[in-house]
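These are the residues of each chain, in order.
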Amino acid sequence: MHKQDQNEKPKNDFIDESTHPVEDKKSNETESKGISKKILSEGTALKYKDSQAKKGKIPVWIGKHVIEYETELKKLQIEMLKLQNHVKSTGMRILMLFEGRDAAGKGGTIKRMTEFINPRNARVVALSTPSNRELTQWYFQRYVTHLPSAGEMVFFDRSWYNRAMVEPVMEFCTDEQNKKFLKYAPVFESLLVNDGIKLFKFYFSVSKKIQNKRFLSRDTDPLKQYKTSTVDKMAQELWDQYSIRKFQMITETNRTKTPWTIIRSDVKKKARINCIKYLLSNLNYKDKLPVEELIPDPEIVISGIDELKIMEKFLFDPSKLPG
């Protein structure tokens, strides 16, 4: 083999010097080191990108906030596994109700909470329209059969609170039925809690503008079109009526034993993270993360009492009430 000429510079395997020349030390004295480093970095990146493309790989830019969200979510999903193991070993019963306007992000949050836990000990309940037979039963009867047994976690994607908002607004029930529900729901829930069930009531609050934006995305995304219904299409024009019913619902059913927890959900990722944090921070289980890592954002998670105080300011202008 020929010996390399002493004046000849060794070639860099990654850098095409005809495109990105590497200057010697003397020439570097006339330009900043930062520029030289940038040239070296860009040249290396271009060469690397080309080599990876040949292997069938495509470079993808990922936002820093996405990585931070996924990292935080994974940490909390591990905590959900710890919680489930504790629930199974102790026979605990956990019941979570997810309420809110259409497109508020209830289903997406439930999906992230249940993504990695064992489905044998966790159930998602999303009941369809009641049958003719169910319509003749005690209103709470069809929900009772889905309550958690020992060692179970149950997630209600909408619950008996259909009778507090959707049904009266859409005239699926009478005023008398709605009034009876608001009177007896706290009693029913008190019985559940007294029997040992850990009950969490989450209301996902979305603004009118964001709700409309999400509805429009459903129209163009075939993977979301199954969510669209005639009730959804009327949600925007009936916004004020839903706001009034929400105020009535929280006023009548927010109790010390069974309080409402409001989740501001205009930003879905923040809503998911903080809802999970709230749940975990209010339960004890083995190997739980330090308390400071599970504190929810007070701008995202709001108590039912504080939500009522906010809503009282806008009762004479329902269009300004929080969703």
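Being a predicted model, the structure only gives us computed values, none of them experimental. Along each chain, the written sequence defines residue order, and numbers are assigned to residues from 1. Owing to the predicted nature of the model, reporting of local features is limited to residues with pLDDT of at least 70; listing and counting of side-chain atom pairs is limited to 80 or more, with chain, interface and lining totals taken over all residues. Excluded from the side-chain calculations are hydrogens and water; all other atoms, namely the structure's heavy atoms, are used.

Things to note about the overall build of the chain
By definition, any uninterrupted DSSP run of H or I lasting at least four residues is a helix, any uninterrupted run of E lasting at least two residues is a strand, and each is numbered from the N terminus. What the chain contains, in helices and strands, is 13 helices and six strands. Burial classification: accessible surface area is computed with a 1.4 Å probe over protein chains only, and a residue below 20% of its type maximum counts as buried, one above 50% as exposed, and the rest as partly exposed. In the chain, which comprises 323 residues, the proportion classed as buried is 41%. Within the chain, contacts between residues at least 6 apart in sequence are counted, and of these 77% link residues at least 24 apart. The protein chains shown are the only cover counted for residues, whose accessible areas, like all others here, come from Shrake-Rupley with a 1.4 Å probe. Entry remark: accessible area of the chain is about 19,900 Å², with carbon and sulfur atoms responsible for 54%. Two residues form a contact once any of their heavy atoms are found within 4.5 Å.

Side note on the side chain of Gln-236
Structurally, the position occupied by Gln-236 is in the loop between α10 (230-235) and α11 (239-253). Side-chain polar atoms of Gln-236 contact the backbone oxygen of Lys-208, separated by 3.0 Å. With residues near it in sequence (within four places) discarded, Gln-236 still touches Lys-208, Gln-211, Asn-212 and Phe-215. Pairs of N or O atoms are called polar contacts if they sit within 3.5 Å, as long as, within protein, a hydrogen donor faces a hydrogen acceptor (for residues adjacent in sequence, only side-chain-to-side-chain pairs).

Quick look at the sheet that holds strand β4 (residues 198-205)
Spatially, six strands are ordered β2-β3-β1-β4-β5-β6 in an open sheet, and the strand pairing comes out mixed. Both outer strands of the open sheet, β2 (122-125) and β6 (301-303), are each paired with one neighbouring strand and no more. Strand after strand, the sheet turns through a mean of 20° between neighbouring axes, direction not considered. Together, β1 (93-100), β2 and β3 (152-157) form the strand contacts of helix α3 (residues 64-90), whose direction differs from that of β3 by roughly 125°. Axis definition: a line fitted to C-alpha atoms, over the contacting stretch in the case of helices. Angles run 0 to 180 degrees between N-to-C directions. Sitting on the sheet, helix α12 (residues 268-281) touches β1, β4, β5 (260-264) and β6, and the angle it makes with β4 is about 160°. For two strands to pair, DSSP has to find at least two bridges joining them.

Observations regarding a nonpolar patch on the surface
To count toward a patch, a residue needs a relative accessible area over 30% and no salt bridge; like charges are then connected within 9 Å, while nonpolar side chains (Val, Leu, Ile, Met, Phe, Trp, Tyr) are connected within 5 Å. We define a salt bridge as a contact between a side-chain nitrogen of Lys or Arg and a carboxyl oxygen of Asp or Glu at a distance within 4 Å. Residues Ile-58, Val-60, Ile-62 and Ile-67 make up a contiguous nonpolar surface patch of about 440 Å² in total accessible area. Inspection of the secondary structure assignment puts Ile-62 in the loop between α2 (33-54) and α3. Note on Ile-62: relative accessible area 52%, which makes it exposed.

A short note on the pattern of salt bridges
This model, assessed by the stated rule, comprises 14 salt bridges. Salt-bridge contacts for Glu-72 lead to Lys-75; the nearest nitrogen and oxygen are separated by 3.3 Å. Linking Glu-72 with Lys-75, this pair stays in helix α3, spanning three residues, or about one helical turn. Lys-75 sits in the partly exposed class, given a relative accessible area of 26%. The salt bridge partner of Asp-102 is Arg-158, with a shortest N-O separation of 2.9 Å. Taken together, the residues span a long stretch of sequence, with Asp-102 in the loop between β1 and α4 (106-114) and Arg-158 in the loop between β3 and α7 (166-169) at a distance of 56 residues. No difference in accessibility class separates Asp-102 from Arg-158, as the two residues are buried. What emerges from the salt-bridge pattern is a single network uniting Glu-72, Lys-75, Lys-277 and Glu-293.

Side note on the packing of α4 against α12
At a closest axis distance of 10 Å, the pairing of α4 and α12 adopts a crossing angle of 55°. Put simply, α4 runs oblique to α12. Here α4 and α12 pass one another in a crossing that is right-handed. Packed against α4, whose contacting residues are Gly-108, Thr-109, Arg-112 and Met-113, the element α12 presents Arg-272, Cys-275, Ile-276 and Leu-279 at the interface. Of the residues contributing to the contact of α4 with α12, the split by class is four nonpolar, two polar and two charged. Should an angle fall under 35 degrees it is called roughly parallel, over 145 degrees roughly antiparallel, and 65 to 115 degrees roughly perpendicular, with every other angle called oblique. Should the near helix be turned anticlockwise from the far one by less than a right angle, the crossing is termed left-handed; should it be turned clockwise, right-handed. The nonpolar class holds Ala, Val, Leu, Ile, Met, Phe, Trp, Tyr, Cys and Pro. Asp, Glu, Lys and Arg form the charged class, and all remaining residues, Gly among them, are polar.

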